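# Analysis of the macromolecular model
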Amino acid sequence: QVQLVESGGGLVQPGGSLRLSCTASGFTFNWYTTTWYRQAPGKERVFVGSISIAGATNYVDSVKGRFTISRDNAKNTVYLQMNSLKPEDTAVYYCNGKNYWGKGTLVTVSS
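This report concerns the structure included in the present document. (Residues numbered from 1 in each chain as written. Predicted model: local features only at pLDDT ≥ 70, side-chain atom pairs only at ≥ 80, totals over all residues. Heavy atoms only, no water.)

## Here's the deal with the state of the cysteines
Put simply, the rule reads: Cysteine sulfur atoms are paired as a disulfide whenever they fall within 2.5 Å. Under the scheme used here, helices are H or I runs from DSSP no shorter than 4 residues and strands are E runs no shorter than 2 residues, and both carry numbers assigned from the N terminus. With a 1.4 Å probe rolled over the protein chains alone, any residue whose accessible area is under 20% of its type maximum counts as buried; one over 50% counts as exposed, and the rest are partly exposed.
This structure, assessed with the given rule, holds one disulfide. In this model Cys-22 forms its disulfide with Cys-95; the gap between the sulfur atoms is 1.8 Å. Taking the sign of the S-S torsion, about 55 degrees here, the bridge from Cys-22 to Cys-95 comes out right-handed. Here Cys-22 is found in strand β3 (residues 18-25), whereas its partner Cys-95 is found in strand β9 (residues 91-97), with 73 residues between them in sequence. On the accessibility criterion, Cys-22 (0% relative accessible area) is buried.

Right, here's the structure in full:
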């Protein structure tokens, strides 16, 4: 059974950091591009960044230089390291792999 589970969300102050994890079961993550999305309250789900099979990463302009995607093949997990967080980063963060979605993890950036 294919399953993606995100974790690591929470409340953080502006300027703080969080690391989100997305762990897959039922398929091998590094055989597919994995993508992070986020959905802010009242808004559509949007692309944040991705990591390809070869390990190449791509980010939306608003997070470049602050967010980093990495993958641990042994743990079948993809990470989203988020630094210098801003209130506008507040959203539910989802990962997608092999066209499957996790249920998301909430990130709230607030003082």
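## Comments concerning the sheet that holds strand β1 (residues 3-7)
Backbone-to-backbone hydrogen bonds pair the strands of a sheet. The strands run either parallel or antiparallel. Rules: Paired strands, in this sense, are two strands between which DSSP finds at least two bridges. Where helices are involved, their axes are fitted lines through C-alpha atoms of the stretch in contact, as for all axes, and angles between N-to-C directions lie from 0 to 180°.
An order of β1-β3-β8-β7 is seen for the four strands of this open sheet, with the pairing classed as antiparallel. Since the sheet does not close on itself, it has two edges, and those belong to β1 and β7 (67-72), each with one partner. Between one strand and the next, the sheet's axes are offset by a mean angle of 15 degrees, whatever the strand orientation. Across five bridges, the pairing between β1 and β3 is antiparallel. Residue pairing for β3: Val-5 is matched across the bridge by Thr-23.

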